[in-house]
Amino acid sequence: MTYFFEIYGVLPRAGPGVQTLELARLSKGTVIALDNHQPFLDKLKTDTKKGKLLEHIKFLNQDMNTMAFEPESFDIIWAARITIIRYSATSLFLLAPG
């Protein structure tokens, strides 16, 4: 995993949580920021405070393999920059009908 972060540090990117901030800003709903790398969550929390969106974002340091959300918990699932193949079928049951 160390090698991943060495490479990730030099890749061009928008930064951890940029999509999360935009989703919170656009929806005015609750967005769950889930990551198993605490420094990414810490950076997002700092950016969230600057953008005055703290009441709209919940931060979870958790691995996707151990998610424990109730079925039909979400209206939308936004999974950016992850390998979706394994999780797409698992994530579908978390979506609310309609």
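All of these numbers come straight from a predicted model, not from anything done at the bench.

Things to note about the overall build of the chain
Of the regular secondary structure elements, the chain holds four helices and two strands. Along the chain, helices (α) and strands (β) appear in the sequence α-α-β-α-β-α when read from the amino end. Here the chain, with 98 residues, has 22% of them falling under the buried criterion. Sequence separation of 24 or more characterises 58% of the internal contacts of the chain that already satisfy a separation of 6 or more. As displayed, the chain offers around 7,100 Å² of accessible surface, 58% of which is attributable to carbon and sulfur atoms.

A few points about helix α3 (residues 38–50)
Taking 1.5 Å per residue, 13 residues should reach 18 Å; α3 reaches 19 Å between its end C-alpha atoms and fits that length. Along α3, the residues that are buried comprise F40, L41, L44, D47 and T48. With its buried residues spanning 125 degrees around the axis, α3 presents them on a single face. Exposed residues on α3 whose side chains face more than 90 degrees from its buried face are K49 and K50. Looking at the residues trailing α3, positive phi occurs at K52, about 55 degrees.

A look at unusual backbone geometry
Not every positive phi belongs to a glycine, and K28 is a case in point at roughly 60 degrees. In this fold, K28 is placed in the loop between α2 (18–27) and β1 (31–35). Backbone geometry at K52 places phi at a positive 55 degrees, although glycine is not the residue there. Tracing the chain through its elements places K52 in the loop between α3 and β2 (57–61). Since its relative accessible area comes to 69%, K52 is described here as exposed.

About the criteria used
- Residues numbered from 1 in each chain as written.
- Predicted model: local features only at pLDDT ≥ 70, side-chain atom pairs only at ≥ 80, totals over all residues.
- Heavy atoms only, no water.
- Helix = DSSP H or I, 4+ residues; strand = E, 2+ residues; numbered from the N terminus.
- Buried < 20%, exposed > 50% of the residue type's maximum accessible area, 1.4 Å probe, protein only.
- Contact = heavy atoms within 4.5 Å.
- Areas by Shrake-Rupley, 256 points an atom, 1.4 Å probe, with all protein chains shown as cover.
- Expected span 1.5 Å × (residues − 1).
- Arc of directions from axis to C-beta.

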